[in-house]
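Structural features, examined
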Amino acid sequence: MSRPSLGPTGDMLLFVVRHLVDRPDEVTVEMEERGGTALYRIRVNAEDLGKVVGRGGRLVRAIRQLARACAILESRRAVVEVTAR
Amino acid sequence: MKSVQAEGRSVEEAVRQALAETGWAEDEVEVEVLSDATTGVLGWFGRRRTVVVRVRQREQEAEGPVAFLRELVRLLGLGPASVRAREMSDHVLVELSGPEVGLLIGRRGAVLESLQTVVGAVVARRSPEHKRVIVDIEGYRRKRQATLERLAARLAERAHRTGARVMLEPMSAADRRIIHLALRDNPFVTTHSEGEEPRRRVVISPRGGPRGRQGRA
């Protein structure tokens, strides 16, 4: 696929989220950079949203923390947003 | 993702046909019904139902936690790393090691706990029957456990000696569990947790209640 590069953290997010949902081919990640912060917009099928968020938001919190740690490799901060398409 | 189309007189027949062609197992595929039509109007004898299905094989490459973590480490470019699994009696221990994977431990193991949550969710989704997976990085959990056990013993001794409750720093659920287990059979103290996540902390109390200002001793 010829998509704009998401960088290691974005690739990691796409890989992880695709493994959590029933419709992996409907997962998209877009990255927008502002200052030293990268905003990752993850979109999933509405029915898959709960599988990414997890009970009480536990899973999405873990995904965010993982993304923040990985973004350090790219010398930036990461903000992760997950929405239904 | 690989997929094939097949047809039959029922969904079951079409799926059987697809599995026979590809050699895939029923539990590793997803089925989508593309069309289901009955043709012929001349009563039952002239009728024919044709079902067309698409059968997709679920991605295989990252099924197990080992393959999943290998790919994750590769995507992050975290250098050469080894990922190995060990079957324990009640869980599978997956150990990551390498010069750069320490990044995934984080302060007090916070990132490791997140990674653990993610891997646990992926494994549970792929195979609900799977044993619990515990991820460790560079022996962090092992070392942390030894540190916490020493801390627990020291603070239990203090609680017993002074007769006062000892409150520990806020810790993750995994760390608190280590403290509780370490002191479970201690004859002089009891433990419980107080407060709300993420500031929940263990309290070690002398058995028989605190001998504080009331001076029951």
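Summarised in this report is the structure supplied together with it. All residue numbers refer to position in the chain's written sequence, counted from 1. Note on labels: chains are lettered from A, ligands numbered from 1, in written order. The predicted origin of the model limits local features to residues at a pLDDT of at least 70 and limits the giving and counting of side-chain atom pairs to 80 or more, whereas totals for whole chains, interfaces and linings rest on all residues. Excluding hydrogens and water, the side-chain figures rest on all heavy atoms present in the structure.

1. A few points about the overall build of chain A
If you tally the helices and strands in chain A, you get 3 helices and 3 strands. A run of H or I in DSSP counts as a helix once it spans at least four residues, and a run of E counts as a strand once it spans at least two, with each numbered from the N terminus. Going residue by residue from the N terminus, the α and β elements of chain A occur as α-β-β-α-α-β. For every residue, the accessible area obtained with a 1.4 Å probe (protein chains only) is divided by the maximum for its type, and the residue is called buried under 20%, exposed over 50%, and partly exposed between those limits. By residue count, 48% of the 85 residues in chain A fall in the buried class. Two residues form a contact once any of their heavy atoms are found within 4.5 Å. Partitioning the intrachain contacts of chain A with sequence separation of at least 6 by distance along the chain shows that 61% fall at a separation of at least 24. What sets the accessible areas is the Shrake-Rupley method with a 1.4 Å probe; for residues, cover comes only from the shown protein chains. Summed over all atoms, the accessible surface of chain A reaches about 4,400 Å², with 48% contributed by carbon and sulfur.

2. Side note on the side chain of A:Asp48
Residues and elements named next belong to chain A. If you trace the backbone, aspartate 48 turns up in the loop between β2 (37-44) and α2 (49-53). Among the residues examined, aspartate 48 registers a relative accessible area of 0% and is labelled buried. Setting aside its immediate chain neighbours within four residues, aspartate 48 contacts Val21, Asp22 and Arg23.

3. Section: the sheet that holds strand β2 (residues 29-39) of chain B
Residues and elements named next belong to chain B. A pair of strands is treated as paired once DSSP finds two or more bridges between them. Read across the sheet, 3 strands follow the order β1-β3-β2 without closing on themselves; strand pairing throughout is antiparallel. This sheet does not close on itself; its edge strands, each paired only once, are β1 (3-8) and β2. Taken over all neighbouring pairs, the strand axes of this sheet differ in orientation by 15° on average, direction set aside. Here β1 pairs with strand β3 (residues 48-57) via 6 bridges, running antiparallel. Pairing of glycine 8 across the sheet is with valine 51, part of β3. Axis angles are defined between N-to-C directions and span 0 to 180 degrees, where every axis is a line fitted to C-alpha atoms and, for a helix, only to the segment in contact.

4. Concerning the pattern of salt bridges
Residue and element names in this part refer to chain B. By convention in these notes, a salt bridge is any Lys or Arg side-chain nitrogen within 4 Å of a carboxyl oxygen on Asp or Glu. On inspection of all chains with the given rule, the structure shows 23 salt bridges over all chains. We note a salt bridge from arginine 74 to glutamate 71, for which the minimum N-O separation is 2.9 Å. Remark: glutamate 71 and arginine 74 occur in helix α3 (residues 65-75); sequence separation between them is 3 residues, near one turn of the helix. Since its relative accessible area comes to 55%, arginine 74 is described here as exposed.

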